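So you can see what is in the structure, the chains are spelled out below.
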Amino acid sequence: MYGAGRLVLILLALALATVAGWRLAIRWHPSVAKYPVQGIDVSEANGAVEWAVAKGAGVDFGYAVATRGHNVRDRTFQAHWDAMAAAGVRRGAIHVYSFCQDGAEQANAFNTVVPLAPDALPAAIDLHYDPACPARPDRAALIADVAEAARRIEAHTGKPVLLKVAPDVEDDYTLVQALRRNIWATGNFLRPAYTDRPWRMWQASDIRRVDGVEGPVNWDVAVR
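Because the structure is a prediction, the values reported are computed rather than measured. (Residues numbered from 1 in each chain as written. Predicted model: local features only at pLDDT ≥ 70, side-chain atom pairs only at ≥ 80, totals over all residues. Heavy atoms only, no water.)

Colleague: Can you explain helix α3 (residues 77-87)? Please cite residues and give values.
Modeller: Within the sequence span of α3, burial applies to Phe77, His80, Trp81, Met84 and Ala87. On an axial view of α3, the arc spanned by its buried residues comes to 140°, and they lie on one face. For α3, the exposed residues lying more than 90 degrees away from the buried face are Ala79 and Ala86. Close packing links the buried residues of α3 with β1 (37-42), α2 (51-56), β2 (61-68), β4 (90-96) and α4 (103-113). In the segment just after α3, Gly88 is the residue with positive phi, at about 75°. (Buried < 20%, exposed > 50% of the residue type's maximum accessible area, 1.4 Å probe, protein only. Helix = DSSP H or I, 4+ residues; strand = E, 2+ residues; numbered from the N terminus. Arc of directions from axis to C-beta. Contact = heavy atoms within 4.5 Å.)

Colleague: Any details on the nonpolar core? Residues and values, ideally.
Modeller: Burial of nonpolar side chains together is a common tendency in soluble globular proteins. Among the nonpolar cores identified, the biggest contains 55 residues, and Trp51, Leu163 and Leu175 are the most heavily contacted of them. Here Leu175 is in contact with Leu127, Leu142, Ile143, Val165, Val169 and Glu170, once residues within four sequence places are set aside. (Core = buried A, V, L, I, M, F, W, Y, C linked by side-chain atoms within 4.5 Å.)

Colleague: Tell me what's going on with the pairing of strand β5 (residues 124-127), and back it up with residues and numbers.
Modeller: Of the two faces of β5, the one lined by Ala124 and Asp126 and the one lined by Ile125 and Leu127 are each fully buried. Two elements, β4 and β5, share three bridges in a ladder whose sense is parallel. Its bridge partner lying in β5, His95 is registered against Ile125. On the question of chirality, the crossover connecting β4 to the parallel β5 by way of α4 is right-handed. Both β5 and strand β6 (residues 162-165) contribute to a ladder of four bridges, which runs parallel. Note on β6: the bridge partner recorded for Ile125 is Leu163. (Pairing = 2+ DSSP bridges. Right-handed = clockwise from strand over helix to strand, strands pointing away.)

Colleague: Account for the pattern of salt bridges, with residues named and values stated.
Modeller: If you walk through the whole model with that rule in mind, you get eight salt bridges. Of the charged contacts, one joins Glu44 and Arg75 as a salt bridge, the two residues approaching to 3.1 Å between their closest N and O atoms. Here Glu44, found in the loop between β1 and α2, pairs with Arg75, found in the loop between β3 (72-73) and α3; they are 31 residues apart in sequence, far enough to count as distant. Classification of Glu44 as partly exposed rests on a relative accessible area of 29%. A salt bridge links Arg152 to Glu148; the shortest N-O distance between them is 2.7 Å. Of this pair, Arg152 and Glu148 both sit in helix α5 (residues 139-157), four residues apart, which is roughly one turn of the helix. Note on Arg152: relative accessible area 33%, which makes it partly exposed. (Salt bridge = Lys/Arg side-chain N within 4 Å of Asp/Glu carboxyl O.)

Colleague: Break down unusual backbone geometry for me, with residues and values.
Modeller: Look at Thr174: it is not a glycine, yet its phi comes out positive at around 40°. As for its position among the elements, Thr174 is in the loop between α6 (167-173) and α7 (175-178). Overall, the relative accessible area of 30% leaves Thr174 in the partly exposed class. Its identity is not glycine, yet Phe189 carries a phi of approximately 70°, on the positive side. Positionally, Phe189 belongs in the loop between β7 (182-186) and β8 (201-208).

Colleague: Go over the confidence of the model for the protein, please, and point to the residues and values.
Modeller: For the protein, the average pLDDT comes to 92, and 90% of its residues sit at 70 or higher. Long-range and interchain partners of residues 11-17, a stretch whose pLDDT sits below 50, account for zero contacts in this model, where long-range means more than four residues apart. (pLDDT = per-residue confidence, 0-100.)

Colleague: So what's going on with the state of the cysteines? Which residues, and what values?
Modeller: Per the counting criterion, the structure on display carries one disulfide. For Cys100, the disulfide goes to Cys133, at an S-S distance of 2.0 Å. In this structure the cystine formed by Cys100 and Cys133 twists about its S-S bond by roughly 110°; its chirality is therefore right-handed. Of the two residues, Cys100 sits in the loop between β4 and α4 while Cys133 sits in the loop between β5 and α5, which places them 33 residues apart along the sequence. Under the relative-accessibility criterion, Cys100 is labelled partly exposed at 43%. (Disulfide = S-S within 2.5 Å.)

Colleague: Mind laying out the side chain of His80, listing which residues take part and the relevant values?
Modeller: Looking at the element boundaries, His80 is found in helix α3. The class of His80 is buried, set by a relative accessible area of 4%. Residues contacting His80, with those up to four places away along its chain left out, are Val42, Ser43, Gly47, Val49, Trp51 and Ala64.

Here you go:
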């Protein structure tokens, strides 16, 4: 009986520790003293965002997904784009690259959707594997395609793009080495170390809870 009661207490303590750890994890962010510029990136999956509230919670900048491939427009992009400006949050746009579609056509779609804004942050091209797209082009072809997409977007925005390259994509293709653009790296809770040169943006968490956003959101820091 005593042993069973002790086991219950141990299990209860573990459950409480897990809850406490989760609560800490969803509010964690890198040190503001070390990284004073911090923000979020969103898509229609995040739903509506109260950008003024988010700004008050420490969001200095926001990136919103604009397009995916050459034929999908994020349904919330324009609302996010306008609301960030109204709230005084610095804003940028993301194109989610498809390995199954032509890079030039993807860039043209992005340029059609994203308005010209002199104060906008550099556009970002997000390169990660999508289970719905099985294509894995050879390295030279992918580099040429992404480079062409980057050139077209840069011609539209007037600023060099950021490349958000997932760790497994970088392992397979070493795109960072070939495409000399600023890098947006990913590493939940841990500083990324998979690129061959320093990154300028770091996605530090994909579970952060922020006032003004209903569910978990990607939390990012920038290096000036």
